[in-house]
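Per-entry structural report
Here is what each chain is made of, one letter per residue.
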Amino acid sequence: MRTPQVFGIGAALLLVVGGYVAHRALRAPLADSPNPMAMGAAFAVPDGDAGAPRSAPVNCGQMAGASCVEYRSERYHFSFFHSGKDKVREYDEGGGAATITFESSDVARSFQIFIVPYAEESVTEERFQRDSPSGVRKDLTNVSVAGAVGAAFYGRDARLGNTYEAWFVRGGYLYEVTALASRAAELAERLQTWQFF
């Protein structure tokens with residue numbers, strides 16, 4: 001998981017409490033965890049004007065345990081739905097890269113997106129080792145998020161413990177979306193609402 005250069009109190013809390021929650025709640029072997037994106041690996045871009053704000057999907061509140069709101073990035077030209085209770089923080093990493101955190105009062109529901117300029121058409125082993133030094137990729141599944149090609153897998157972070165991640169490439173950027181492994185199904189549902197514009 002990429003750590004932003006600038007930390008807010010909420011981000012630090014995510015790291016400390018998230019690591020504890022991951023350690024306590026995720027003692028089962030990763031191999032026993034089904035990859036939630038394996039069953040519906042390709043996600044369609046919704047019909048209509050992709051640049052216009054969208055209405056939340058009908059089942060969105062069930063996913064997040066609250067009402068859903070659309071997050072829109074004009075800089076990276078994408079949007080998706082997340083819990084209206086999430087506190088969104090954006091960190092400029094320099095060189096066109098950014099980290100966006102979605103911090104929940106239920107820390108286990110928090111997740112982040114790391115975006116970095118990327119010239120390759122798919123994620124290379126070298127890039128994976130650079131951004132995920134643990135080298136853990138369990139239940140690796142090829143996926144397409146709104147037409148962006150990538151992979152989803154269970155990983156390991158030294159601070160957080162077991163994670164669920166989806167990495168995909170689109171328009172000259174690599175997107176690394178990371179949540180605690182216990183929230184894999186919830187993250188997969190969020191990714192189903194993703195669209196590029």
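Values in this document were obtained by computation on a predicted structure and should not be read as measured data.

The helix and strand inventory of the protein stands at four helices and ten strands. Helices and strands appear in the protein in the N-to-C order α-α-β-β-β-β-β-α-β-β-β-β-α-β. Out of the 197 residues in the protein, the part that is buried amounts to 50%. At a minimum sequence separation of 6, the contacts of the protein that also span at least 24 residues come to 51%. By element, 52% of the accessible surface of the protein is carried by carbon and sulfur atoms, the whole surface being about 9300 Å².

Right, let's get into the confidence of the model for the protein. Mean pLDDT over the protein stands at 78; residues scoring 70 or higher make up 68%. Contacts of residues 4-33 to residues separated by more than four positions or lying in other chains number 48 contacts, the stretch itself having pLDDT below 50. For the stretch residues 39-48, pLDDT sits under 50, and the model shows 16 contacts to residues farther than four places along the chain or on other chains.

Counting 28 residues, the largest nonpolar core has Phe 78, Phe 168 and Trp 194 as its most contacted members. Sorting the residues of this core by element identifies strand S2 (78-83), strand S4 (97-103), strand S5 (111-117), strand S6 (138-145), strand S7 (148-157), strand S8 (161-170), strand S9 (173-180) and helix H4 (184-192) as the ones contributing at least two each. Dropping the residues within four chain positions of it, Phe 168 is found in contact with Val 145, Ala 148, Val 149, Gly 150, Tyr 173, Leu 174, Tyr 175, Val 177, Leu 191, Trp 194 and Phe 196. One finds Ala 97, Phe 114, Val 116 and Phe 153 within the second-largest nonpolar core, a separate group that totals nine residues.

The subject of this paragraph is unusual backbone geometry. At Asp 139, a position not held by glycine, the phi torsion is positive, near 55°. Take Asp 139: it is sitting in strand S6. For Asp 139, a relative accessible area of 28% gives the class partly exposed. Backbone geometry at Ala 146 places phi at a positive 50°, although glycine is not the residue there. Within the secondary structure layout, Ala 146 lies in the loop between S6 and S7.

Charged atoms that come close allow side chains of opposite charge to pair. One pass over the full model with this rule turns up twelve salt bridges. A salt bridge links Arg 190 to Glu 186; the shortest N-O distance between them is 3.0 Å. Pair noted here: Arg 190 and Glu 186 are both in helix H4, with a separation of four residues, about one helical turn. Neither Arg 190 nor Glu 186 differs from the other in exposure class; each is buried. Through salt bridges with shared partners, a single network forms among Asp 86, Asp 106, Arg 109, Arg 183, Glu 186 and Arg 190.

About the thresholds
- Counting restarts for each chain: residues are numbered from 1 in the order of the written sequence.
- Given that this is a predicted model, residues contribute local features only at a pLDDT of at least 70 and side-chain atom pairs are listed and counted only at 80 or more, while totals for whole chains, interfaces and linings are drawn from all residues.
- Heavy atoms throughout the structure, all of them, feed into the side-chain values; hydrogens and water do not.
- Secondary structure elements are taken from DSSP: a helix is a run of H or I of four residues or more, a strand is a run of E of two residues or more, and numbering for both begins at the N terminus.
- The rule is simple: take the accessible area with a 1.4 Å probe, protein chains only, and divide by the maximum for that residue type; under 20% is buried, over 50% is exposed, in between is partly exposed.
- By definition in these notes, contact holds between two residues if any of their heavy atoms fall within 4.5 Å.
- Using a 1.4 Å probe, the Shrake-Rupley method yields the accessible areas, and only the shown protein chains count as cover for residues.
- Per residue, pLDDT captures the predictor's confidence, and it can take any value from 0 to 100.
- We define a nonpolar core as any set of buried Ala, Val, Leu, Ile, Met, Phe, Trp, Tyr and Cys residues linked to one another through side-chain atoms lying within 4.5 Å.
- We define a salt bridge as a contact between a side-chain nitrogen of Lys or Arg and a carboxyl oxygen of Asp or Glu at a distance within 4 Å.

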